[in-house]
Amino acid sequence: MEGVDILPHERSKTQFDVDAMKIVWAGSRHAFEVSDRMARLVASDPAFQKDNRSRLGRKELFKNTLRKATYAWKRILELRLTEEEAGRLRFFVDEPAFTDLHWGMFVPAIKGQGTEEQQQKWLPLAYKMQIIGCYAQTELGHGSNVQGLETTATFDPDKDEFVIHSPTLTSSKWWPGGLGKVSTHAVVYARLITNGEEHGVHGFIVQLRSLDDHMPLPGITIGDIGMKFGNGAYNTMDNGVLTFDHVRIPRNQMLMRVLQVTSEGKCVQSNVPRQLIYGTMVFVRQTIVADASSALSRAVCIATRYSAVRRQFGSQDGVETQVIDYKTQQNRLFPLLASAYAFRFVGEWLKWLYTDVTQRLQANDFSTLPEAHACTAGLKSLTTTATADAIEECRKLCGGHGYLCASGLPELFAVYVPACTYEGDNVVLLLQVARFLMKTVSQLGSGKKPIGTTAYLGRVQDLMQCRCEVQTVGIIYSINAAEDWLKPSVMLEAFEARSARMCVARAQNLGKFANPEDGFAELSADLVEAAVAHCQLIVVSKFLDKLQQDIPGNGVKQQLQNLCYIYALNLLHKHLGDFLSTGCITPKQASLANDQLRSLYSQVRPNAIALVDAFNYTDHYLGSVLGRYDGNVYPKLYEEAWKDPLNDSVLPDGYNEYIRPLLKQQLHNSRL
Ligand SMILES: CCCCCCC/C=C/C(=O)SCCNC(=O)CCNC(=O)[C@H](O)C(C)(C)COP(=O)(O)OP(=O)(O)OC[C@H]1O[C@@H](n2cnc3c(N)ncnc32)[C@H](O)[C@@H]1OP(=O)(O)O
Ligand SMILES: Cc1cc2nc3c(=O)[nH]c(=O)nc-3n(C[C@H](O)[C@H](O)[C@H](O)COP(=O)(O)OP(=O)(O)OC[C@H]3O[C@@H](n4cnc5c(N)ncnc54)[C@H](O)[C@@H]3O)c2cc1C
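A quick note: this is a predicted structure, and the numbers were derived from the prediction, not measured. All residue numbers here refer to positions counted from 1 along the written sequence of the relevant chain. Written order determines the labels here, with chains lettered from A and ligands numbered from 1. It should be noted that, the model being predicted, local features are given only for residues of pLDDT at least 70 and side-chain atom pairs only at 80 or more, the latter also being counted only at that level, while totals for whole chains, interfaces and linings use all residues.

A word on the overall build of the protein
- Scanning the protein for helices and strands turns up 23 helices and 13 strands.
- Both definitions apply: the radius of gyration is a C-alpha atom measure, and the globule rule equals 2.2 Å times residues to the power 0.38. For the protein, the C-alpha radius of gyration of 27 Å lies close to 26 Å, the compact-globule estimate for 672 residues.
- When the backbone C-alpha atoms are referred to their principal axes, the protein occupies close to 90 × 80 × 65 Å.
- As a rule, residues whose C-beta atom has 12 or fewer other C-beta atoms within 10 Å are exposed, those with 20 or more are buried, and those in between are partly exposed; C-beta atoms are placed from the backbone. Taken over 672 residues, the protein has a buried fraction of 44%.
- Placing C-beta atoms from the backbone, we regard two residues as in contact once those atoms come within 7 Å. When contacts within the protein are restricted to residue pairs at least 6 apart in sequence, those whose partners lie at least 24 apart make up 75%. In DSSP terms, a helix is any run of H or I states spanning at least four residues, a strand is any run of E spanning at least two, and both are numbered starting from the N terminus.

Below is the structure:
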């Protein structure tokens, strides 16, 4: 069968309604229609072409990004796109740009931390892009430790102004996207000093460049921090360096929703908790979880289609085997496909949680903020680590061709992998989750009932007495056959018990230290494992919750069920040590779980292509010869190779300089 016949043949085997699955994936019919329209709009416009990105030098690359971002804005205005449509359009343009930070962090920072008055002044300017903003928090010396930032904002009551200053080299702002060459303004995080007293880190709106000629304003030094990992990739972004030499801004440019500074320099704390200064990070972490499912599904789409097209080694009748039929390939690929769906649904839930906490904050209910922080931090960490690893795994699943830029995977990896670091290093974020969990466990004794995602810790209070030794019986008595693993209550019980037992064991170990902070530092590697277990439980439980909903479409729910159990059983297999050592399941039950996993792979196999088609990605967005919708991989790969600048001429530049003399010299030597 020819390449172009394979995928149609695969599609003919589908056992579910793909169009209905597209709507489930998008979140709603409306979301699907908006996405579909925007994807086609971008794909059909030559101005958004992106297949030459890896061949451009930095300056060309950056200018190209400026052109695309400006053109996108022009189209948004011309077509009078809604905020939602504009967001999807930018998403499908698929090129990191200053606009990501303007819309994704600058605007949310003002919305979340600005007073009504400040929002009224700044947001209309930002919405019309009459000013362009970035988020300048990280410094050369400190990123994770926000309280360690060194930039100062000292209040001068005589002039009713703040003086923003970079006292040391390490206080230089370093990394903010959009800062290097584009932004006119920034929300700058600095230590507030009034009347000689320090009041912690706060956000300030600072104008950086002239709105007339774009030159940096007096006292401000700005530039780009240099090339980053990979060709193309994140190098479309002008991550910047910025220093202040006693730059003055009016008092009303401090974002004052959390704390107000009066004209005398007195600090007045509002009823809003201090942690709201970190609110923009909570918002962005939530969006990063949704983005993880996009990046992961994109890589999986490429690897799945290519695995169906690619054949290696023969069967008796002379037709070689599609590599997707190898169990080892399925064992690597299908859990990633399942993870893409799992992250999609947990992302949807997290968006709901964020909306809920925002509404509560507006009504002065701050009770769910710690949970929202733990969930956004933990899920950001879990999903980005898994996605970065998965993109690399997809590259390997595509064999040698996966290493070509034409596969789309090297650039996807390079552009995605910093998500494990930005918006909070993934380990640092898991430590925040661990703190939250340890606090929750420590309060169990006092009768405080945990709520939301930690409610399960309250249901297993007897675990406070548990010694978590290896047991031979397991605590889940109802698993006697492989199919027993397909009961939602069983799966949930296993993941809850594992997480609860890990948390309680860590809490008990912490209790052995005279100083809890010393204990936390000493046991931090173990604590991170407990945080991972808790976050994996959240993902599993939200996928199971999704299955409780009414899901229309022939066979759609069945496919989602298969994927949900693949996600969970694969995790169970990978973390078997946790499940066995905490005595949650027996080795026999683990072996049954593995049998069930293999059986699920066989059920997914005929639907694999349709399950990635349901992502509804255009070839433009996928940007991969291996992942083409029509499966016409080899002719296009061959065609693509000839586009490389090295093939512009038969003899390479440098032939006369280097190759010819070398060959001549060897000829001469051999004659000697
Ligand atoms: C769509 C946009 C495109 C994306 C492009 C990406 C561009 C990238 C941008 C960036 O990277 S911006 C910079 C992001 N920087 C970080 O994420 C820094 C990570 N560090 C932190 O978040 C914090 O400093 C820390 C690690 C949480 C520690 O902070 P601190 O030392 O002040 O806190 P603790 O003493 O540990 O905790 C105090 C208290 O506050 C609670 N808390 C911490 N963070 C939050 C939060 N975000 N929201 C709510 N609450 C928070 C914490 O749990 C503690 O609570 P209690 O235990 O006291 O109850
Ligand atoms: C592509 C990209 C874009 C970015 N965009 C922006 C932006 O727009 N605006 C902005 O302000 N910033 C931005 N950043 C900065 C980013 O937020 C920080 O790099 C990130 O928060 C990590 O901080 P760090 O660099 O200080 O890492 P470090 O904290 O120095 O991490 C180094 C190592 O130390 C470990 N570590 C640190 N603290 C602890 C601890 N307490 N316990 C155990 N281990 C620890 C980490 O796990 C890591 O392994 C961006 C970064 C990147 C890569």
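A look at the pairing of strand β2 (residues 152-156)
- The alternating pattern of β2 places Ala 153 and Phe 155 on a buried face and Thr 152, Thr 154 and Asp 156 on a face that is not buried.
- Only strands that DSSP links by at least two bridges are regarded as paired with each other. Hairpin connection between β2 and strand β3 (residues 161-165): a loop of 4 residues separates the two successive antiparallel strands, and Asp 160 in this loop has a positive phi of roughly 55°.

Some words on the UniProt feature "domain: Acyl-coenzyme A oxidase N-terminal" (unreviewed entry) in the protein
- Per the UniProt annotation, the sites labelled "domain: Acyl-coenzyme A oxidase N-terminal" (unreviewed entry) are residues 17-132.
- For residues 17-132, helix accounts for 72% and strand for 0%, while the C-alpha atoms at its two ends are 44 Å apart. UniProt positions are given in the numbering used here, feature names are shortened, and annotations may be inferred rather than shown by experiment.

Quick look at the UniProt feature "domain: Acyl-CoA oxidase/dehydrogenase middle" (unreviewed entry) in the protein
- Per the UniProt record, "domain: Acyl-CoA oxidase/dehydrogenase middle" (unreviewed entry) is annotated on residues 134-236.
- What you have in residues 134-236 is 0% helix and 40% strand, and the ends, taken at the C-alpha atoms, are 15 Å apart.

Observations concerning the packing of helix α9 (residues 327-362) against helix α17 (residues 556-574)
- Helix axes are fitted to C-alpha atoms over the stretch in contact, other axes to C-alpha atoms as well, and angles between N-to-C directions run from 0 to 180 degrees. Across the interface, α9 lies against α17 with an axial gap of 8 Å and an inter-helix angle of 110°. Relative to α17, α9 is oriented roughly perpendicular. Facing α9, whose interface residues are Phe 334, Pro 335, Leu 337, Ala 338, Ser 339, Tyr 341 and Ala 342, α17 presents Leu 560, Leu 563, Ile 566, Tyr 567 and Asn 570.
- Amino acids are sorted into nonpolar (Ala, Val, Leu, Ile, Met, Phe, Trp, Tyr, Cys and Pro), charged (Asp, Glu, Lys and Arg) and polar (every other residue, Gly among them). Partitioned by chemical class, the residues of the contact of α9 with α17 number 10 nonpolar, 2 polar and no charged. Here is the rule for angles: anything less than 35 degrees is roughly parallel, anything more than 145 is roughly antiparallel, 65 through 115 is roughly perpendicular, and the remaining ranges are oblique.

Quick word on the site of ligand 2
- Note on definitions: a residue is near a molecule or strand provided its C-beta atom, placed from the backbone, lies within 6 Å of it. In the vicinity of ligand 2 there are 22 residues, among which Gln 137, Thr 138, Gly 143, Ser 144 and Trp 175 approach most closely.
- Of all the secondary-structure elements, those providing two or more residues to the shell around ligand 2 are β1 (133-136) and α12 (426-442).
- With 3 residues, α12 is the largest single contributor of residues to the shell around ligand 2.

Quick look at the sheet that holds strand β7 (residues 220-224)
- Pairing is antiparallel in the open sheet, where 3 strands are placed in the order β4-β8-β7. Only two strands of the sheet have a single partner each, and these edge strands are β4 (173-174) and β7.
- Where β7 and strand β8 (residues 240-244) come together, 5 bridges link them in antiparallel fashion. Considered in β8, the bridge of Thr 221 is made with Thr 243.

Things to note about the site of ligand 1
- Looking at ligand 1, there are 27 residues lining it, with Gly 104, Val 146, Gln 275, Tyr 278 and Gly 424 nearest.
- If you list the elements that add at least two residues to the shell around ligand 1, you get α6 (98-113), α8 (279-309), α10 (369-397) and α12.
- Here the element with the most residues in the shell around ligand 1 is α8; it accounts for 4 residues.
- Here the shell around ligand 1 is built from residues that sort into 11 nonpolar, 13 polar and 3 charged.

Concerning unusual backbone geometry
- Positioned with a positive phi, Trp 175 is a non-glycine residue whose angle comes to about 115°.
- Among the residues examined, Trp 175 registers 21 C-beta atoms within 10 Å and is labelled buried.
- One non-glycine residue, His 214, adopts positive backbone phi at about 70°.

Considering helix α4 (residues 58-78)
- Helix span, expected: 1.5 Å multiplied by one less than the number of residues in the helix. Counted at 1.5 Å a residue, the expected span for α4 with its 21 residues is 30 Å, and the 30 Å between its end C-alpha atoms agrees.
- Listed in full, the buried residues belonging to α4 are Phe 62, Thr 65, Lys 68, Ala 69 and Ala 72. The buried side chains of α4 occupy one side of the element, clustering within an arc of 120° when seen end-on. Of the exposed residues in α4, the ones pointing more than 90 degrees away from its buried face are Lys 59, Glu 60, Lys 63, Arg 67, Lys 74, Leu 77 and Glu 78.
- Its buried side turned inward, α4 meets α5 (83-93) and α6.
- Just downstream of α4, Arg 80 is the residue with a positive phi angle, here 50°. This arc describes the spread of directions from the helix axis toward the C-beta atoms.

Looking at the packing of α12 against helix α16 (residues 524-548)
- The contact between α12 and α16 brings their axes to 8 Å, and the two run at 80°. Between α12 and α16, the crossing angle belongs to the class labelled roughly perpendicular. On the side of α12, the interface is formed by Val 427, Leu 430, Leu 431, Val 433, Ala 434 and Leu 437, while α16 contributes Ser 524, Leu 527, Val 528, Ala 530, Ala 531, Val 532, His 534 and Cys 535.
- Residue composition of the contact of α12 with α16, by class: 12 nonpolar, 2 polar and no charged.

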